[in-house]
Amino acid sequence: ALDPMTAEGFKGIRKALGLTQAELADRLGYGSQVRISEFETDKRPITQRAAAAMQLLLERKLRRLLLRGGVLPLDGEHDAPDDALCRAGVRQHR
């Protein structure tokens, strides 16, 4: 089993993605940045679904960077939009 995501790790991923709390809240399907702030300040436990969505966003960003840099070959695959996947994963846990 994976260790739970820490508040510091959650914030670090958000910053690596180049997103504000409000932008991330929108991507994850939350109504405002308050939930993101609560996750980052350890006022609310990070849900498994939110942690998985963050990991997915980070993996997709890394993949795009590797593709753009020519490290990975272009294979014609079209990934589902990040927003749709993340919202599907966390929508029920607002």
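Residues numbered from 1 in each chain as written. Predicted model: local features only at pLDDT ≥ 70, side-chain atom pairs only at ≥ 80, totals over all residues. Heavy atoms only, no water.

Trainee: Sorry if this is basic, but what is going on with the overall build of the protein chain here?
Mentor: The secondary structure content of the protein chain amounts to 5 helices and 0 strands. Each helix (α) and strand (β) of the protein chain, taken in turn from the N terminus, gives the series α-α-α-α-α. Residue burial in the protein chain is summarised as follows: out of 94 residues, 30% are buried. Across the protein chain, every contact between residues at least 6 apart in sequence was considered, and the portion connecting residues at least 24 apart equals 60%. Total accessible area computed for the protein chain in this model is approximately 6200 Å², and 53% of it derives from carbon and sulfur atoms. (Helix = DSSP H or I, 4+ residues; strand = E, 2+ residues; numbered from the N terminus. Buried < 20%, exposed > 50% of the residue type's maximum accessible area, 1.4 Å probe, protein only. Contact = heavy atoms within 4.5 Å. Areas by Shrake-Rupley, 256 points an atom, 1.4 Å probe, with all protein chains shown as cover.)

Trainee: Would you explain the packing of aromatic side chains in this entry?
Mentor: Tallied over the full model, the rule gives 2 aromatic pairs. Ring centres of Y30 and F39 lie 6.0 Å apart, and the angle between their planes is 75 degrees; on these two criteria the pair is classed as edge-to-face. Both residues of the pair, Y30 and F39, belong to the buried class. Put simply, the rings of F10, Y30 and F39 touch in pairs and so form one group of aromatic residues. (Phe/Tyr/Trp six-rings, centres within 6.5 Å; stacked < 30°, edge-to-face > 60°.)

Note that every value here comes from positions in space, so none of it alone points to a role or purpose.
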